[in-house]
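Analysis of the macromolecular model
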Amino acid sequence: ALALALAWTADGKPRRARIAALGELGALVARDPDERRRGKVRQRLEQVLSDPNVRVRGAAIGALAKTRDPAARAALEAVRGGSPNGITRNDARRALDALAKDLARDASVESVQAALDEARRERARLEERVRVLEAREPADEEGKGGGASR
């Protein structure tokens, strides 16, 4: 799917098809663990930022935000600060805001996941301690009162 979407972003393809393909690229790599693929898509999206069509540029800007790739910030900042087109600058500003929000959310989720993992490890340690204590308990009871009460 990634190679197909990349192919449809090429110059010469119908504008609407390019816009649709650009929109999908960001979503496709948002959770892709392969940094090489993410970088390849980011580079393609950054190339499209100089497209003469404002809608194609806007789709590339939106796709960069969807990638959740911190490396996309530089290109979006450059567009926000340097584009002569107000629509494109505004799109870049909104994309930077969305990217920052998504990255903060991802960091928060990672923090919660780390805390949950630590709680699970602590629970496993406590369960092991309880198991060891319960294994000792019957032997202790037999020695204490087993012979005196009979």
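Residues numbered from 1 in each chain as written. Predicted model: local features only at pLDDT ≥ 70, side-chain atom pairs only at ≥ 80, totals over all residues. Heavy atoms only, no water.

**Some thoughts on the overall build of the protein chain**
Our working rule: Helix and strand assignments follow DSSP, with helices taken as H or I runs no shorter than four residues and strands as E runs no shorter than two, numbered in order from the N terminus. Each residue gets one of three labels from its accessible area relative to the maximum for its type: buried under 20%, exposed over 50%, partly exposed in between, using a 1.4 Å probe on protein chains only. Reported accessibility uses the Shrake-Rupley method at a 1.4 Å probe radius. Residues are deemed covered only where the shown protein chains occlude them.
Counting its regular elements, the protein chain contains six helices and zero strands. Going residue by residue from the N terminus, the α and β elements of the protein chain occur as α-α-α-α-α-α. Classification of the 150 residues of the protein chain by burial places 31% in the buried group. Of the roughly 9,800 Å² of accessible surface on the protein chain, a fraction of 53% belongs to carbon and sulfur atoms.

**So, the pattern of salt bridges**
Once the charged atoms of two side chains with opposite charge are near each other, the side chains can pair. Convention followed: For this document, the term salt bridge refers to a Lys or Arg side-chain nitrogen within 4 Å of an Asp or Glu carboxyl oxygen.
Going through the model one piece at a time under the given rule, you end up with 16 salt bridges. Between Arg-121 and Glu-118 there is a salt bridge whose closest N-O contact spans 2.9 Å. One end of the pair, Arg-121, and the other, Glu-118, are both in helix 6 (residues 86-145), three residues apart, so they sit about a helical turn from each other. Assessed through its relative accessible area of 44%, Arg-121 is described here as partly exposed.

**Quick notes on the confidence of the model for the protein chain**
Basically, it comes down to this: What pLDDT conveys is the predictor's confidence in a given residue, as a value from 0 to 100.
Considering every residue of the protein chain, the mean pLDDT works out to 85; 89% of them sit at 70 or more. No element of the protein chain has a lower mean pLDDT than helix 6, at 80, and none a higher one than helix 4 (residues 54-66), at 93.

**Digging into helix 3 (residues 35-48)**
Heads up, the condition is: Expected helix span is taken as 1.5 Å per residue step, with the number of steps being one fewer than the number of residues. Counting of polar contacts relies on pairs of N or O atoms within 3.5 Å, with two restrictions inside protein: one atom must be capable of donating a hydrogen and the other of accepting it, and residues adjacent in sequence are counted only when both atoms are side-chain atoms.
With 14 residues, helix 3 extends 20 Å between its outermost C-alpha atoms, agreeing within 8% with the 20 Å of an ideal straight helix rising 1.5 Å per residue. For helix 3, the set of buried residues is Arg-38, Gly-39, Val-41, Arg-42, Arg-44, Leu-45 and Val-48. Of the residues flanking the start of helix 3, the one acting as N-cap is Asp-34, its side-chain oxygen 2.9 Å from the backbone nitrogen of Arg-36.

**Observations concerning unusual backbone geometry**
Excluding glycine, a negative phi dihedral is what most residues carry, and trans is how most peptide bonds are arranged. Despite not being glycine, Arg-68 has its phi angle at roughly 60°, a positive value. Tracing the backbone shows Arg-68 in the loop between helix 4 and helix 5 (72-82).

**Some points on the packing of helix 2 (residues 15-29) against helix 3**
Helix-helix packing is characterised by the crossing angle of the two axes and by the distance between the axes. Quick reminder of the rule: Orientation is described by axes fitted as lines to C-alpha atoms, over the contacting stretch for helices, and by angles from 0 to 180 degrees between their N-to-C directions. By definition, any crossing whose near helix is turned counterclockwise from its far helix by less than a right angle is left-handed, and any crossing with a clockwise turn is right-handed. In this analysis, two residues are considered to be in contact whenever any of their non-hydrogen atoms come within 4.5 Å of each other. Only Asp, Glu, Lys and Arg are considered charged, only Ala, Val, Leu, Ile, Met, Phe, Trp, Tyr, Cys and Pro nonpolar, and every remaining residue, Gly among them, polar.
Relative orientation of the contacting elements helix 2 and helix 3 amounts to 145°, with a least axis distance of 10 Å. Here helix 2 and helix 3 pass one another in a crossing that is left-handed. Facing Arg-18, Leu-22, Leu-25 and Val-29 of helix 2, the residues of helix 3 in contact are Arg-38, Val-41, Arg-44, Leu-45 and Val-48. In terms of residue class, the contact of helix 2 with helix 3 is built from six nonpolar, no polar and three charged.

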